[in-house]
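Geometric and topological summary
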Amino acid sequence: MAGRKYGMGVVGAGMIGHFHAEAIKGLPNAELVAVCDAVEERARTFAERHGCRPYGNLETFMADDRIQVVTVGTPSGLHGEAAIAAARHGKHCIVEKPIEITLEKIDAIIEAHAAAGTTVGGIFNMRYETTARMFKQAVDAGRFGRLTFGMAYGPWWRDQKYYDQGGWRGTWKLDGGGALMNQGIHTIDMLQWLMGPVRQVSAFTRTLCHERIEVEDTSAVAVEFANGALGTIACTTSMWPGHFRIIEVSGDRGTVAMADSKFFFWQFAEESPEDERVRREFLEFPAVSVGAANPSAGMTAIPHRANFADFLQALDDGREPPISGREARRAVEIILAIYESARTGRPVRIGD
Ligand SMILES: NC(=O)c1ccc[n+]([C@@H]2O[C@H](COP(=O)([O-])OP(=O)(O)OC[C@H]3O[C@@H](n4cnc5c(N)ncnc54)[C@H](O)[C@@H]3O)[C@@H](O)[C@H]2O)c1
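Residues numbered from 1 in each chain as written. Predicted model: local features only at pLDDT ≥ 70, side-chain atom pairs only at ≥ 80, totals over all residues. Heavy atoms only, no water.

This paragraph deals with the overall build of the protein chain. Check the secondary structure of the protein chain and you find eleven helices and 14 strands. The C-alpha radius of gyration computed for the protein chain amounts to 20 Å, which stays within 12% of the reference 20 Å derived for 352 residues, consistent with globular compactness. Based on the C-alpha atoms only, the size of the protein chain along its principal axes is roughly 55 × 50 × 40 Å. Residue burial in the protein chain is summarised as follows: out of 352 residues, 57% are buried. Put simply, 69% of the contacts in the protein chain that link residues at least 6 apart link residues at least 24 apart. Within the structure as shown, the protein chain displays about 15,100 Å² of accessible surface, and the carbon and sulfur contribution to it stands at 52%. Within the protein chain, the 44 negative side-chain charges are centred at a point lying 0 Å from the centre of the 38 positive side-chain charges. (Helix = DSSP H or I, 4+ residues; strand = E, 2+ residues; numbered from the N terminus. Rg over C-alpha atoms; globule rule 2.2 N^0.38 Å. Buried < 20%, exposed > 50% of the residue type's maximum accessible area, 1.4 Å probe, protein only. Contact = heavy atoms within 4.5 Å. Areas by Shrake-Rupley, 256 points an atom, 1.4 Å probe, with all protein chains shown as cover. Lys, Arg positive; Asp, Glu negative; His and termini not counted. Charge placed at Lys NZ, Arg CZ, Asp CG, Glu CD.)

Right, here's the structure in full:
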């Protein structure tokens, strides 16, 4: 049915849950009706702030028939539990990155929604930034010629307190990994979105400057893409004070490089009149990277809102959302291959 209004409920009243609420509250075709958190007190505080109904129990929350769409912002290794419960209750579901932390659990989410006839989608808010969309359009228009090299660089910093305060962070069981699976995943998703599927990776990972974490804080990865281009991924939480997330794509007819959400290089062999405007409006090298050392600094709900709007539009149209469950799976598959390569000391192929 076109143009309907959706009742939405948020699972996980933590840091990102508040961004979900702000994103939903700004959508003309959605209403925030409920929140659920395992810590009931957190759900109550959240509900008072955002004006919705609190639940401390997932099954009771899911039984609320005012909710048609659930968003999930619980610790990463618990996404499957909420996403599968949503399918069981006939509700559509939008899941935070990483959609889950193993391919088995991701496939179980996708299958549960296929069986229920409901829709599942992922969140990659970075794809919804203006410059990211301009970048993607340039790739889709073939402006780079033959793609030759792609780089995803997340030279970030997290202090020890960050890992100590959230019991789930830095654990294999609930975070599913470290600098790659938690922080770097946005950058890795952008790289594969722009360059196309990854064919193989060869990686080193290390834990160099944090204590009491099981996962990597430093990584260096060589990449081969399915189209034959090469590239590198390096994501860390070990580079004080942290600086720009850099994504660079090159071909034999053009190069674009992006630092956070600004370009610092935009040049093509076949210039269009638009290129001068792009450079005037979007080309700068920011003096300070606000998000590089703090998970929520500089973040707004606007990209999440666009991500949710795209999902609701797909529901209206009766089609898969652009970031479907399968699409959200890609970045996790790359990261798991990187972990396997780092563990075994061998290149790991994807999709064999
Ligand atoms: N898209 C982004 O830019 C972005 C940014 C930060 C975090 N995230 C993702 O959001 C998720 C949560 O991260 P966070 O930083 O908000 O964590 P957080 O620890 O601040 O919040 C998690 C919340 O989930 C609740 N919770 C735990 N288990 C639950 C369960 N079984 N049922 C219901 N509630 C439960 C906790 O009590 C807590 O309130 C992670 O998957 C993370 O990767 C995404």
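In this section: the site of the ligand. Residues in contact with the ligand amount to 26 residues; listed here are only the nearest, Ile16, Asp37, Arg42, Ser76 and Asn125. The separation between an oxygen atom of the ligand and a polar main-chain atom of Thr74 is 3.3 Å. Here an oxygen atom of the ligand and a side-chain polar atom of His79 are 2.9 Å apart. Coverage of the ligand by the protein chains reaches 87% of its 860 Å² of free accessible surface. Of all the elements in the fold, those that place two or more residues in the shell around the ligand are α1 (15–25) and α4 (79–88). (Near = heavy atom within 4 Å. Polar contact = N/O pair within 3.5 Å; in protein donor to acceptor, adjacent residues only side chain to side chain.)

This part takes up unusual backbone geometry. For residues besides glycine, phi is generally negative; the peptide bonds are generally trans as well. For the peptide bond that leads from Lys97 to Pro98, omega is -20 degrees, which places it in the cis range. For Pro98, the location among the structural elements is in the loop between β5 (92–95) and α5 (103–116). Between Trp240 and the following residue, Pro241, the backbone shows a cis peptide bond with an omega angle of 0 degrees. One can find Pro241 in the loop between β10 (230–236) and β11 (246–251). Non-glycine residue Arg212 carries a positive phi angle of around 55 degrees. Even without a glycine there, the phi angle at Asp260 is positive, about 50 degrees. Note that Asp260 resides in the loop between β12 (254–259) and β13 (262–268). Looking at Asp260, the relative accessible area reads 17%, which means it is buried.

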